[in-house]
Amino acid sequence: MWDAIRELMEQFEEGIVVLDADGEIAVVNRAAREKLARREQGGGFGDCRVVRMGRARSVEVERQQLDEVASALPVVLSIRNRTKYLYISQAHEKVFGDGPESFYKNVRAFLERVHPDDYEPVREAFDSDLAGNPHQYRCQYQHASGEWRKMHVRVLPYQDPDSGDLLIASLVEDVTEVREGRKQQGERRLLGSAEFRAALGQWTEEWIGRPGSPLFAVAFIDLARFRVVNESFGYSEGDRILEEVSERIEQGLPGQALIASLGLDLFAVMVRPFEGREQAETAIRQVLLAISAPIEVGETTVRVMGRAGLAFPRNIECTADALLRDADAALQLAKQTREPLVVSNVNRAVKLQELAMLEFDLERALEQNEFFFEFQPVFDPNSGEVKLLEALVRWRHPRLGVISPTSFISLAEDTGLVLRLDMKGLERLAGQLEYWHSVEPAVADLPVSVNISGRHFPSFVMERQFHELLKKPAMKNSRIIFEITESVFVESNSRTAAALERLRAEGVAIWLDDFGEGYSSLRYLAHFPVDGIKISETFVKNCVQEEKSRVILSALLALARGLGVQMVVEGVENQRQFETLRDMGFEALQGYYLSKPLGVKEIRQLIESGVEEEKARPRSA
Ligand code: C2E
Ligand code: CA
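Residues numbered from 1 in each chain as written. Chains lettered and ligands numbered in written order. Predicted model: local features only at pLDDT ≥ 70, side-chain atom pairs only at ≥ 80, totals over all residues. Heavy atoms only, no water.

Now for the packing of aromatic side chains. Within this structure, the stated rule accounts for 14 aromatic pairs. Arranged with centres 5.8 Å apart and planes meeting at 90°, the rings of W203 and F216 form a pair that is edge-to-face. Note that W203 is positioned in helix α8 (residues 193-209) and F216 in strand β9 (residues 215-224), a separation of 13 residues in sequence. As far as burial versus exposure is concerned, W203 and F216 are alike and both buried. Taken together, Y85, F96, F103, F110 and Y141 form an aromatic cluster joined through their ring pairs. (Phe/Tyr/Trp six-rings, centres within 6.5 Å; stacked < 30°, edge-to-face > 60°. Helix = DSSP H or I, 4+ residues; strand = E, 2+ residues; numbered from the N terminus. Buried < 20%, exposed > 50% of the residue type's maximum accessible area, 1.4 Å probe, protein only.)

With that settled, the discussion passes to the coordination of the calcium ion (ligand 2). Here the calcium ion (ligand 2) is held by the protein donor atoms E390 (OE), N451 (OD1), E483 (OE), D513 (OD) and D513 (OD), which lie 2.1 to 3.2 Å from it. In this structure, the calcium ion (ligand 2) is coordinated by six donor atoms arranged in irregular fashion, with angles at the metal of 43 to 175°. Every donor residue of the calcium ion (ligand 2) comes from the same chain, spaced as E-x60-N-x31-E-x29-D. Of this pair, E483 sits in strand β20 (residues 480-485) while D513 sits in strand β21 (residues 509-515); the two residues are 30 residues apart in sequence, bridging distant segments of the chain. The same class applies to E483 and to D513, which are both buried. (Donors = N, O, S within 2.8 Å, 3.2 Å for Na, K, Ca; no water. Tetrahedral: all angles 85-135°; square planar, octahedral: opposite > 155°, others 65-115°.)

Attention shifts here to the sheet that holds β9. The strand order across the open sheet formed by five strands is β10-β11-β9-β14-β15, and the pairing between neighbours is mixed. Taken across any chain shown, the strands that pair with only one partner, and hence form the sheet edges, are β10 (256-261) and β15 (341-343). The sheet shows a mean angle of 20° between the axes of neighbouring strands, direction not considered. When β9 meets strand β11 (residues 266-274), the two strands line up antiparallel, connected through seven bridges. Bridge pairing in β11 links A219 to V269. Packed on one face of the sheet, helix α11 (residues 277-292) meets β9, β11, β14 (305-311) and β15 and runs near 165° to β14. Contacts between helix α12 (residues 320-337) and the sheet are confined to β9, β11, β14 and β15, with β14 contributing the most and set at about 140° to the helix. (Pairing = 2+ DSSP bridges. Axes fitted to C-alpha atoms, helices over the stretch in contact; angles between N-to-C directions. Contact = heavy atoms within 4.5 Å.)

Where helix α9 (residues 226-233) meets helix α10 (residues 235-252), the closest approach of the two axes is 6 Å, and the angle between their N-to-C directions is 135°. With respect to their mutual orientation, α9 and α10 come out oblique. The segment α9 lies against α10, with F226, V229, N230 and F233 engaging Y235, E237, G238, I241 and L242. In terms of residue class, the contact of α9 with α10 is built from six nonpolar, two polar and one charged. (Parallel < 35°, antiparallel > 145°, perpendicular 65-115°, else oblique. Nonpolar A, V, L, I, M, F, W, Y, C, P; charged D, E, K, R; others polar.)

Turning our eyes to something else, we now look at the confidence of the model for the protein chain. The predicted model of the protein chain has a mean per-residue pLDDT of 81, with 83% of residues at 70 or higher. The low-confidence segment residues 182-188 (pLDDT under 50) makes eight contacts with residues lying over four places distant or belonging to another chain. Across residues 617-621, confidence stays below pLDDT 50; counting only partners more than four residues off in sequence or on other chains, it has eight contacts. (pLDDT = per-residue confidence, 0-100.)

If you check the backbone angles, N369 has positive phi at about 55° while not being a glycine. With respect to the helices, strands and loops of the structure, N369 is situated in the loop between α13 (348-367) and β16 (371-379). Of the residues examined, N369 reaches a relative accessible area of 52% and is grouped as exposed. One non-glycine residue, D514, lies in positive phi territory at about 55°.

With that out of the way, let us pick up the sheet that holds strand β1 (residues 16-19). Taken in spatial order, the three strands line up as β2-β1-β3 in an open sheet, and their pairing is mixed. The sheet terminates laterally at β2 (25-28) and β3 (49-52), the two strands that pair on one side only. Averaged over neighbouring strand pairs, the angle between their axes works out to 20° when direction is ignored. Pairing of β1 with β2 involves three bridges; the strand directions are antiparallel. Bridge pairing in β2 places V17 opposite V28.

As a further point, take the pairing of β9. Most of β9 is tucked away, with ten of its ten residues classed as buried. Of the two faces of β9, the one lined by L215, A217, A219, I221 and L223 and the one lined by F216, V218, F220, D222 and A224 are each fully buried. Bridge analysis of β9 against β14 gives seven bridges, and the strand direction is antiparallel. In the strand pairing of β14, D222 is matched with R307.

Here you go:
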């Protein structure tokens, strides 16, 4: 139980120090560690909250100690399993205004007092607690006095080491004052969703009432991967970043504009007047550009990437709801296609319907085993030999044919299905390796890398499944690499590092994928156990023409050598890129120029022949 509490305390922005009965430090969270590190030698615990535990007197030592610590915090700490609460701390009364009886009676009692505007997402989050992923959210909650308060909820599922059961620890903190305080200091007021809809209704009616009047537009703007930013910098910084973003949106829009905040990282804007659609599109593109400029956070900077769906009133029967639906659908399409901006139009509706079907289909496809792997080789550019294979998932859809992961991985991530998808993938890989070990030992000898979604980290449940799978003989006898994108590393959390370390202990190599996209930072390399780095194709694109790209690539190569990690460059598409990279000294290259991802049958042939000769002439030749 302590492990879970420690982990929750880590996320707390206030410094907390727990002292045992002898005055020794029992638990210190991150904020306290930072404060203590900055403190001059000697001296007390500064402005950290210090909790002293008494000597344990009862048999329920752990529970009692927990109670002592928890009751000193201004938050409600609870622990529950699927059916009932096992523990609720004394702060319940202070925070919610009444005792915890109703919670003990009904495990879903928390939901009953959530504000209707927040109910659906909170219910979803509540139910997804059981899926085993730590998360946090905010909601409006009714105090026993009837007043609406703002709560910040942090949830950490963990496995009870004694029973093996999945338990859920959560911390609920009342953050109303913090927010109100900020508002009084002149925080820009965003519209709520109801106000926005009302205003939109009015604009729509005006437009319908005056044929030929200038156009107006509605856009949904979503911040990609904001969850990661939030979790790595903390919620108060996250809020500040959001404020900055909303300011940039407001400043970037011409004419009359209204902005609403529709959730943690989703904004809606409406703008008018426009002469034509292009003008509106340009305005939204400029807003996206403004959002993506670096934002300072302490000593570093972050970049927040926005995606937008844009919609215009279609015809005289247009309603506010239809417009919102169009903008939302366009945004979904933007997310799935990874386009920064998608403009809603009627032709796209078909594609949208198909994508909506995909979501529904994904679940079924998992049951029906419609996924398979292709393997893309990574070559040694000097010898032309294959050094390793990267497994890339494909979906053989019964109606749409073979679908690339770019169309469904983010969908699978949004719906949480990616966890099952990757686990099934590993199972399939184990089967494939078993076959190779018995029939094609030359192929089985190669290391195989597999892409693992960041969503798995950190989750106890998933980790257990990974370890189960890695125990299979075929996996144990192979060299397995997990390619993990940077987002995992951004959430620089000690538990993630520990989980990766445990995987390495099982013999899995950990590689950092897509280095150079998103939040690349050399910092991760110092803090995380990494055996290899894949340099994203963005660096390769200009390596022939631009001296600058080559300088960066050389520096990265030197860095990899210095750290003793392997380095693969992806996305090599032509001979000049290949030669440039080879001559710079890179020892592992991957890309369409060398080989596309291949089916199992083609792999065997390739291993024998290596890459065609002219592509792999040794440097000395
Ligand atoms: P990635 O890990 O960056 O994989 C490389 C992608 O680049 C692959 O696309 C590959 O086919 C493509 N590629 C290879 N050579 C070239 C080239 O020379 N030029 C260009 N432009 N592209 C090249 P693919 O197979 O569509 O995979 C897309 C992404 O989907 C992967 O990106 C990976 O992040 C994800 N993915 C693939 N399989 C899995 C999986 O089993 N699980 C999870 N969670 N994600 C996966
Ligand atoms: Ca990859």
